[in-house]
Every structure is written in C-alpha cells, then in structure tokens.
Amino acid sequence: MKKFYWLSLIFFLACNSGEKQLVKLEGKTMGTTYHISYLSSDKKDMSSNSTNFQTEIDSLLVEFNNSVSTYIPSSTISKVNKPDTMIEVDEYFVEVFRKAQDVSEKTDGAFDITVMPLVNGWGFGYTDTIRMDSAVVDSLQQLVGYRNIGLIERNEKYFVRKKDKRIQVDFSAIAKGYGVDLVGMLLEERGIENYMAEIGGEVRAKGKNEKGEVWRIGVEKPIDDPSAANHELKDILKLENKSLATSGNYRNFYYRNGKKVSHEIDPMTGYPALNNLLSVTVIADDCMTADAFATAFMVMGLEKTLNYLQKDSTLNVYLIYADEKGEMKVMMTSTIKGVVVP
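Conventions we followed
Residue indices follow the written sequence of each chain, beginning from 1 at its first position. The predicted nature of this model means local features are confined to residues of pLDDT at least 70 and side-chain atom pairs, given and counted, to a pLDDT of 80 or more, with totals for whole chains, interfaces and linings taken over all residues. With hydrogens and water excluded, all non-hydrogen atoms of the structure serve as input to the side-chain values. We call Phe, Tyr and Trp rings a pair once their centres come within 6.5 Å, taking the six-membered ring for Trp, and we label the pair stacked below 30 degrees between planes, edge-to-face above 60, and tilted otherwise. Only DSSP runs of H or I reaching four residues or more are called helices, and only runs of E reaching two or more are called strands; each is numbered from the N terminus. The cut-offs for exposure are 20% and 50% of the maximum accessible area for each residue type, with area from a 1.4 Å probe on protein chains only; residues under the lower value are buried, those over the upper are exposed, and the others partly exposed. Only strands that DSSP links by at least two bridges are regarded as paired with each other. Per residue, pLDDT captures the predictor's confidence, and it can take any value from 0 to 100. Between two residues, a contact is recorded if the distance between any of their heavy atoms is within 4.5 Å. Every axis in this analysis is a line fitted to C-alpha atoms, fitted for helices over the stretch in contact. Angles between the N-to-C directions lie between 0 and 180 degrees. Any carboxyl oxygen of Asp or Glu within 4 Å of a side-chain nitrogen of Lys or Arg constitutes a salt bridge here. Here the arc refers to the set of directions running from the helix axis out to each C-beta atom. N or O atoms within 3.5 Å of each other form a polar contact, as long as, within protein, one can give a hydrogen and the other can take it, and as long as residues adjacent in sequence are counted only when both atoms are side-chain atoms.

Peer 1: Whenever I open this one, unusual backbone geometry confuses me. Can you help?
Peer 2: For residues that are not glycine, phi is negative in most cases, and the peptide bond is trans in most cases. The backbone phi angle of asparagine 155 is positive, close to 55°, even though this residue is not glycine. Despite not being glycine, asparagine 241 has its phi angle at roughly 55°, a positive value.

Peer 1: Is there a simple way to think about the packing of aromatic side chains in this case?
Peer 2: The geometry of an aromatic ring pair comes down to the distance between the two centres and the angle between the two planes. As enumerated under the stated definition, the model contains eight aromatic pairs in all. Centroid distance phenylalanine 293 to tyrosine 308: 5.7 Å. Interplanar angle 40°. Geometry classified as tilted. With a gap of 15 residues between them, phenylalanine 293 in helix 7 (residues 287-300) and tyrosine 308 in helix 8 (residues 302-309) connect regions that are remote in the sequence. One exposure class covers both phenylalanine 293 and tyrosine 308, and it is buried.

Peer 1: What should I look at first to understand the pairing of strand 3 (residues 86-89) in this one?
Peer 2: Looking along a regular strand, one sees side chains alternate from face to face of the sheet. Only one face of strand 3 is covered, namely the one carrying Ile87 and Val89; the face carrying Met86 and Glu88 has none of its residues buried. Relative to strand 5 (residues 157-162), strand 3 runs antiparallel, the two being bridged by four bridges. Along strand 5, the bridge assignment pairs valine 89 with tyrosine 158.

Peer 1: Even after reading the chapter, I still don't get the confidence of the model for the protein, so can you show me in this structure?
Peer 2: Regions with low pLDDT carry predicted coordinates that are not meant to be interpreted in detail. On average, residues of the protein score 87 in pLDDT, and 85% of them reach the 70 mark or higher. For the stretch residues 1-17, pLDDT sits under 50, and the model shows 66 contacts to residues farther than four places along the chain or on other chains. The model gives residues 46-51 a pLDDT under 50, and that stretch makes seven contacts with residues more than four places away or in other chains.

Peer 1: Teacher, can you tell me more about the sheet that holds strand 13 (residues 277-284) here?
Peer 2: Paired through their backbone hydrogen bonds, the strands of a sheet run either parallel or antiparallel. The sheet built from eight strands is open, its strands ordered 1-2-6-7-10-13-14-15 with antiparallel pairing. Taken across any chain shown, the strands that pair with only one partner, and hence form the sheet edges, are strand 1 (21-29) and strand 15 (328-332). Adjacent strand axes in the sheet meet at a mean angle of 10°, parallel and antiparallel pairs treated alike. Relative to strand 15, strand 14 (residues 316-322) is paired through five bridges, and the arrangement is antiparallel. Bridging across to strand 15, isoleucine 320 finds its partner in valine 330. With respect to the sheet, helix 6 (residues 175-189) is in contact with strand 2 (32-40), strand 6 (195-199), strand 7 (202-206) and strand 10 (242-248), its orientation differing from that of strand 7 by roughly 25°. Of the strands in this sheet, strand 13, strand 14 and strand 15 touch helix 8, which is tilted by about 160° from strand 14.

Peer 1: Looking at this model, I keep getting lost on the pattern of salt bridges. Mind explaining?
Peer 2: Any two side chains of opposite charge can pair, so long as their charged atoms come close to each other. Applying the stated criterion across every chain, the model contains 11 salt bridges. The partner of arginine 147 in a salt bridge is glutamate 105, with the nearest N and O atoms 3.5 Å apart. Within this pair, whereas arginine 147 is found in the loop between helix 5 (134-141) and strand 4 (149-154), its partner glutamate 105 is found in helix 3 (residues 91-106), the two being separated by 42 residues in sequence. Look at arginine 147 and you get exposed, because its relative accessible area is 58%. Here glutamate 105 falls in the partly exposed class, since its relative accessible area comes to 41%. The residue aspartate 181 makes a salt bridge to arginine 204 at a minimum N-O spacing of 2.9 Å. A residue pair is termed long-range when its members are at least 10 positions apart, and aspartate 181 in helix 6 and arginine 204 in strand 7 qualify at 23 residues. For aspartate 181, a relative accessible area of 3% corresponds to the buried category. Here arginine 204 falls in the buried class, since its relative accessible area comes to 8%. If you follow the salt bridges from partner to partner, you end up with Glu56, Glu189 and Arg190 in one network.

Peer 1: So what exactly am I meant to see when it comes to helix 5 here?
Peer 2: The periodicity of an α-helix, 3.6 residues per turn, causes residues three or four places apart in sequence to face the same way. Buried within helix 5 we find Val137, Leu140 and Gln141. The buried residues of helix 5 occupy an angular sector of 100° when the element is viewed end-on, so they sit on one face. Sitting at the amino-terminal end of helix 5 is aspartate 133, which places a side-chain oxygen 3.2 Å from the backbone nitrogen of alanine 135.

Right, here's the structure in full:
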C-alpha cells in the first residue's frame, strides 16, 4: 500500500493572530512511517519544537498497534492466533474484524483475514518462509475461510470464536487504513478541519491545504522495485473529504525458481495472485474500506473487479494493468475521472 507524494508545499508559516498555518508531524508506526499535515491557528503550533498533537497521536497508534500487530506477542491479534477457540478481544479488533468480514462477504472471499497461515508460509508474515508445494498449500488452505471465524458478544464483552483452534488472522491489508481513520478522527475531535493523514501510503484528507486547494496525491507507476527507490508518478488525484489506499505487486515480492512471488495471496487457490493487475487505488469515505477493497481487487484481477464495480458505485477506483503486449495501461471508474489532475 504504497508510497504517495504530497504535492502541496509543507512548511511552517509565520502568522498573525488568527491566521492558519500548516503544521507537519511525522513518525513511525506499524513497521512503516506516518506523515500528517494540518492547518492550525494555535500560536503554540508556530514553533518547530512544538509537540502539537504528536504525543496523542503516538499514544493512539501504540494502543492500536497493541491490538492488531502480529509482531507484538502480547497483542490482541497474537492472542487470537494462539491455538484456542474462544478469545476475548478489544474494541479496535472488533471494528477491524467487522469491516473485514463485510468486505469478505461483498467480494465472495477475495478478501479474507484468515489467510494468515498462507501469508506466513509464503514468507510475508511473522514466521520464516517454509517450503511451499501443492501438499503444503492444500494443508494450510484447510484453515482458510472467513466463515469459519466469528464474533460474539457476552455481557458487554466481545469474543472471537474459531471453528478450528489452528485458524489465524491477518489484519495487514486493512489495519493501516483504520489507523489513518483513527488519526483523522482524533484531529477532528480536536477541532482540526483541514488535514491530511498518511500511514504507509494510505491517506485520509479533509478540507483544504495551505493554499486553499483540495489536497493532491500522486499515484506511483507500478515499477518493480523492492527497495522503494523509484517513485515515478503515473497520475495525480484530488482528494476532497475522502480516503485513499493503494495495493500493488511491485514492492513486496521476491523471486523463487525464476518466478515472481507476490504478497497478494489468493485465498481461493492458496497461491500468490496471478493476474494482469499491477496496482489498484481505491477512494472511499473511510480509509479502512479503501484499504481492504484495494487488496481484494488485486486478488480478483481486472475483469472481476470491473464486474464488481458495476454493482457498487460507492467506490472510486483507479486501475493500472498490463495489456496483452505487456504494456502499462490505465482504467478507471467514471466517478474518479473528475479527480484526476490534467
């Protein structure tokens, strides 16, 4: 979910009383970085040494990470992934789980958080890569299926119930999106009306930038580059009171026996998704939704994605794919055409 470039100049403005200035915050979370820009009329924000909302944001993201990170042994999701059939979970987990299950239903299982055993097996999770052959894939796939896990409420507490204690879940394709939403909601609660929040390439934007213009986000060309050194832009999109997420197969991958192995695992086959989609950018009302659907569409491929979008007009989608000649092409929904900067 990948890198984006903020095309508005980010700096601190010396301002008179009541004049809004652009404040920039940045840090690390979820194994990646975050960048936040917002307009403030608070004089305390004029100093580059001001902590602004940094402490609150960092505390919020640590708390959230302690719920959804598989790399933290004591996290809620790590407890869920232990061999048990009934586990109490927190509110963060509940919100992400509900959205994940909703997207799974809508995409006929193309998005499935129970794909964790396969993610680990193929080397994109928190365990070592194992030797994946057809027998191993078939074995691990027996543990995959979003209908084999559910959420129940008892005495105002929530529990995850698994049909098989070996089932494990993975929030990596949806958690950063919700993290962005949480940061945005915090800023809004503090009275910030104009901001852009980004975590690992997933973005939520409200209001306008320091120039009084709609925030603009650059979409990268999906050029194979695990080092993330190449950042050539394909297009620029205007993001007005919306959220955006991108999924692609050009950053997180490796080669095995001369074949590209991408982190996008197809829950239906147990193998890395193979289709002509190179990247998918989704614009939605919230970033968690955009994040999940971007992954689902990468798994579904171009044709199935286009068929889905005929019945769901709530999503704006920008697709980059390879045609029969291997040339890079772009296809987008009619609703997104209006936000592409000429």
